[in-house]
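Here is how the chains run, residue by residue.
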Amino acid sequence: MSKIYDLLIIGAGPGGLAAGIYGSRAKLSTAVLDKNAEPGGQASTTDEMENYPGFYNGTTGPGIMKEFADHAKSFGTEFLRGTVDEVDFTGPVKKVHTQQGDTYESKVVVLSPGATPRKINVKGEAELRGKGVSYCATCDADFFVDLDVVVVGNGDAAIEEAMYLTKFAETVTIIVIHEEGNLDCNKASAEKAMKNPKLKWVWNSTVEEIAGDELVEKVVLKNINTGELTDLETNGVFVFIGTEPHTDFLKGKVELDDRGYLVANDMMETNVPGVYAVGDARVKYLRQVVTAAADGAIAASAAEKYLSELETLQNDVLDVSNKKPVILAFWAPQVEESIDSIAAVDKIVEEKNGAVELVKLDTYRAKKTATQYKVTQIPTIILFKDGKDVARIEGVKNITSSAVENLLKESVEV
Amino acid sequence: MMEHLTKENFEDTISNSKGLVMVDFFSPKCVPCMALMPDVEKLSDDKSDVATFYAFDTTGNMRMAMKQKVMGIPAYLFYKDGEKVATLGKEILEDKGMAAVTAKLDELTV
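The rules behind these values
- Residues numbered from 1 in each chain as written.
- Chains lettered and ligands numbered in written order.
- Predicted model: local features only at pLDDT ≥ 70, side-chain atom pairs only at ≥ 80, totals over all residues.
- Heavy atoms only, no water.
- UniProt positions renumbered as here; feature names shortened; annotations may be inferred.
- 1 Å grid on protein atoms, 1.4 Å probe; cavity = no way out; pocket = protein on both sides within 12 Å on 5 of 7 lines; lining within 4 Å.
- Points joined across faces, edges and corners; volume = space filled by probe spheres on them.
- Helix = DSSP H or I, 4+ residues; strand = E, 2+ residues; numbered from the N terminus.
- Domains from an automatic or database assignment.
- Pairing = 2+ DSSP bridges.
- Contact = heavy atoms within 4.5 Å.
- Salt bridge = Lys/Arg side-chain N within 4 Å of Asp/Glu carboxyl O.
- Polar contact = N/O pair within 3.5 Å; in protein donor to acceptor, adjacent residues only side chain to side chain.
- Axes fitted to C-alpha atoms, helices over the stretch in contact; angles between N-to-C directions.
- Parallel < 35°, antiparallel > 145°, perpendicular 65-115°, else oblique.
- Left-handed = near helix turned anticlockwise from the far one by under 90°.
- Nonpolar A, V, L, I, M, F, W, Y, C, P; charged D, E, K, R; others polar.
- Patch = residues over 30% accessible without salt bridge, like charges linked within 9 Å, V, L, I, M, F, W, Y side chains within 5 Å.
- Areas by Shrake-Rupley, 256 points an atom, 1.4 Å probe, with all protein chains shown as cover.
- Lys, Arg positive; Asp, Glu negative; His and termini not counted.
- Charge placed at Lys NZ, Arg CZ, Asp CG, Glu CD.
- Buried < 20%, exposed > 50% of the residue type's maximum accessible area, 1.4 Å probe, protein only.
- pLDDT = per-residue confidence, 0-100.
- Phe/Tyr/Trp six-rings, centres within 6.5 Å; stacked < 30°, edge-to-face > 60°.

As annotated in an unreviewed UniProt entry, chain B is Thioredoxin family protein from Companilactobacillus keshanensis. Under the Sequence similarities (unreviewed entry) heading, UniProt states for chain B: "Belongs to the thioredoxin family."

Chain A is annotated in an unreviewed UniProt entry as Thioredoxin reductase from Companilactobacillus keshanensis. For chain A, the Subunit (unreviewed entry) comment in UniProt is given as "Homodimer." Entered under Catalytic activity (unreviewed entry) in the UniProt record, the comment concerning chain A runs "[thioredoxin]-dithiol + NADP(+) = [thioredoxin]-disulfide + NADPH + H(+)".

What follows is the structure, encoded as structure tokens:
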């Protein structure tokens, strides 16, 4: 039987690597699974990285991602290779299968699948990919030395990559859907771009078609105000219109929104217990290295709590080899009356000389278990027999000595 | 270990080749190319009986790449007895990874 990890992270982008750092530092057995040999995800494909706090002197995407990976390794994170094609999250131990034929098992899975470039979905785009249509300036800029290219999009990535392309191409024409002068990118980049003499602009326009015989020869532009179509000769089309989540393999396994993004709460929990989602593939406001890293830290920390709850519950309450009944008591240090109430229960249990066991849970720390057993009042005590909850008493008023004695008498001393 | 072709010997090597040949068009600056390179190396070992494998660094060799109608990398080109029979590019980028390359090799082998 293969090893069961505490924490298996799918995707070695900044979110996954940060989860790896936090997980392995918390002594969880942690592995990061990625399809690529080099970690870093999308952040590795951008040369310019000017907004990760603390790194501003010529830090590159691949550079900072290597630091993340080395950091995770230093705490003992394992790195695994494989492209995930199938997951099974139904049981307490999650299974992850890869195209390469490996199956990995883990108590917790952190999904960090990232996103891939969004396509414009026009005629010619798919056919001419790698033949003039590109989504990666650092990969393909060299091909366009002394040639003409267009850039589609006007967000941060589009404008920054367009400026990078001016170092290679003869002309770089940016196709912008907005009115003249309006760009979605940050102001600093916009000002820099407007002053760049090698950049040309086409406003109020979208690309309707990409055409060429074997290699890109032209784009057909549409003016969105007039509907007028015009041809623009070009050798290359660089598309930077955002990303789409890489979540096809997760359809039907965890909750996705209608655009395919993973839905997670502020603890990065998905709708499946023990499965977390971080990074660009998650529904969120800002998709950056710094927010992905934050997601990863939160997920690993939430996962650690989940695992320790799971362990307590499994070993101390649900383990059926333990024939003794168990009282699971939900209290909270913040709820003063619950302290006395549970102390009283403790006393009664002690008097039974080991015939009954008591497990105390801080309700706010063990939210998962509290939710699982529908605990709505603090304190609440639940009696377990043979791993099943058979009776409960809720609220300080009802947890009286006689009520507890009754509970034990009815359910235990048969 | 795959042999690296240069712009000087590319055309001669390919046109004189017999059987199935695969060329990995890459550049050290292309992160996805470099990420896939270990897989291609492994593939070239595993499938050395069915095809000959070469790598071609496009840096400074753009003209030769464009002559092969390659204008984006990573790209994997397949030749049979010196004739180009297939190009894989977008399939790789669309995340089908090495599975797409292996499938194409198998398809061309039969």
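A. Structural detail: the layout of surface pockets. Residue and element names in this part refer to chain A. In this structure, the second largest pocket spans a volume of roughly 550 Å³. Along the walls of the second largest pocket sit 23 residues, with P92, Y306, L310, E311 and Q314 positioned nearest its centre. Put simply, the parts of the chain that give the lining of the second largest pocket at least two residues each are helix 6 (289-318) and helix 8 (367-372). It is helix 6 that contributes the most residues to the lining of the second largest pocket, nine residues altogether. Both domains that meet at the lining of the second largest pocket, namely domain 1 (4-116 + 243-313) and domain 3 (320-411), each give it at least three residues.

B. Seen up close, the domain arrangement of chain A. Each assigned domain of chain A is listed here: domain 1 (4-116 + 243-313), domain 2 (133-239) and domain 3 (320-411). A separation of 33 Å is found between the C-alpha centroids of domain 1 of chain A and domain 2 of chain A.

C. Representation of the sheet that holds strand 8 (residues 133-134) of chain A in the model. Residue and element names in this part refer to chain A. Spatially, five strands are ordered 8-15-9-10-11 in an open sheet, and the strand pairing comes out parallel. Two strands bound the open sheet, and with one partner strand each, they are strand 8 and strand 11 (199-202). Here two bridges tie strand 8 to strand 15 (residues 236-239), and the two strands are oriented parallel to one another. For S134, the partnering residue across the bridge sits in strand 15 and is F238.

D. Inspection of the interface of chain B and chain A at higher detail. Taken together, the contacts link 24 residues of chain B with 28 residues of chain A. Between the two partners, chain B and chain A, sit two salt bridges. Residue D142(A) is joined to K29(B) by a salt bridge in which the shortest nitrogen-to-oxygen separation is 3.4 Å. Taken together, chain B and chain A are joined by six residue pairs in polar contact (both at pLDDT 80 or more). Secondary structure elements with two or more residues in the side of chain B that touches chain A: helix 2 (31-46), helix 3 (62-67) and helix 4 (90-109) of chain B. Among the elements that make up the side of chain B that touches chain A, the one with the highest residue count is helix 4 of chain B (six residues).

E. Molecular detail of the packing of helix 1 (residues 14-25) of chain A against helix 2 (residues 61-74) of chain A. Residues and elements named next belong to chain A. Interhelical geometry of helix 1 versus helix 2 gives an angle of 25° and a closest axis separation of 8 Å. On the basis of the axis angle, helix 1 is roughly parallel to helix 2. Along this stretch, helix 1 crosses helix 2, giving a crossing that reads as left-handed. Residues P14, L17, G20, I21 and S24 of helix 1 lie in contact with helix 2, whose contacting residues are M65, F68, A69, H71 and A72. Residue classes in the contact of helix 1 with helix 2 are distributed as seven nonpolar, three polar and no charged.

F. Main features of a negative patch on the surface. Residues and elements named next belong to chain A. Together, E50, D156, E160 and D184 line one region of the surface with negative charge. Take E160: it is sitting in helix 4 (residues 156-165). The exposure class assigned to E160 is partly exposed, which follows from its relative accessible area of 30%.

G. How the structure looks around the confidence of the model for chain B. All names here are of chain B. Residues at a pLDDT of 70 or more form 93% of chain B, whose mean pLDDT is 88. The weakest mean pLDDT in chain B belongs to helix 4 at 76; the strongest belongs to strand 3 (residues 52-57) at 96. Confidence metrics for the complex model read pTM 0.74 and ipTM 0.78.

H. Quick look at the packing of aromatic side chains. All names here are of chain B. One pass over the structure, following the stated rule, counts eleven aromatic pairs over all chains. Aromatic pair F10 and F25: ring centres 5.8 Å apart, planes at 65°, arrangement edge-to-face. Of this pair, F10 sits in helix 1 (residues 10-15) while F25 sits in strand 2 (residues 20-26); the two residues are 15 residues apart in sequence, bridging distant segments of the chain. Neither F10 nor F25 differs from the other in exposure class; each is buried.

I. A look at the side chain of R282(A). Residue and element names in this part refer to chain A. As for its position among the elements, R282 is in the loop between strand 17 (275-277) and helix 6. With a relative accessible area of 10%, R282 lands in the buried category. Those residues in contact with R282 that sit more than four places away from it in its chain are Y261, L262, A264, N265, M268, A277, R287 and D295.

J. Just the sheet that holds strand 12 (residues 205-211) of chain A, in detail. Residues and elements named next belong to chain A. Sheet architecture is open: three strands sit in the order 12-13-14, paired in antiparallel fashion. The open sheet has two free edges, formed respectively by strand 12 and strand 14 (229-233), since each of these has just one partner strand. Geometrically, the sheet is characterised by an average inter-axis angle of 30° between neighbouring strands, direction not taken into account. Sheet analysis places strand 13 (residues 218-223) next to strand 14, joined by five bridges and oriented antiparallel. Each residue of the ladder has a partner; that of K222, found in strand 14, is L229.

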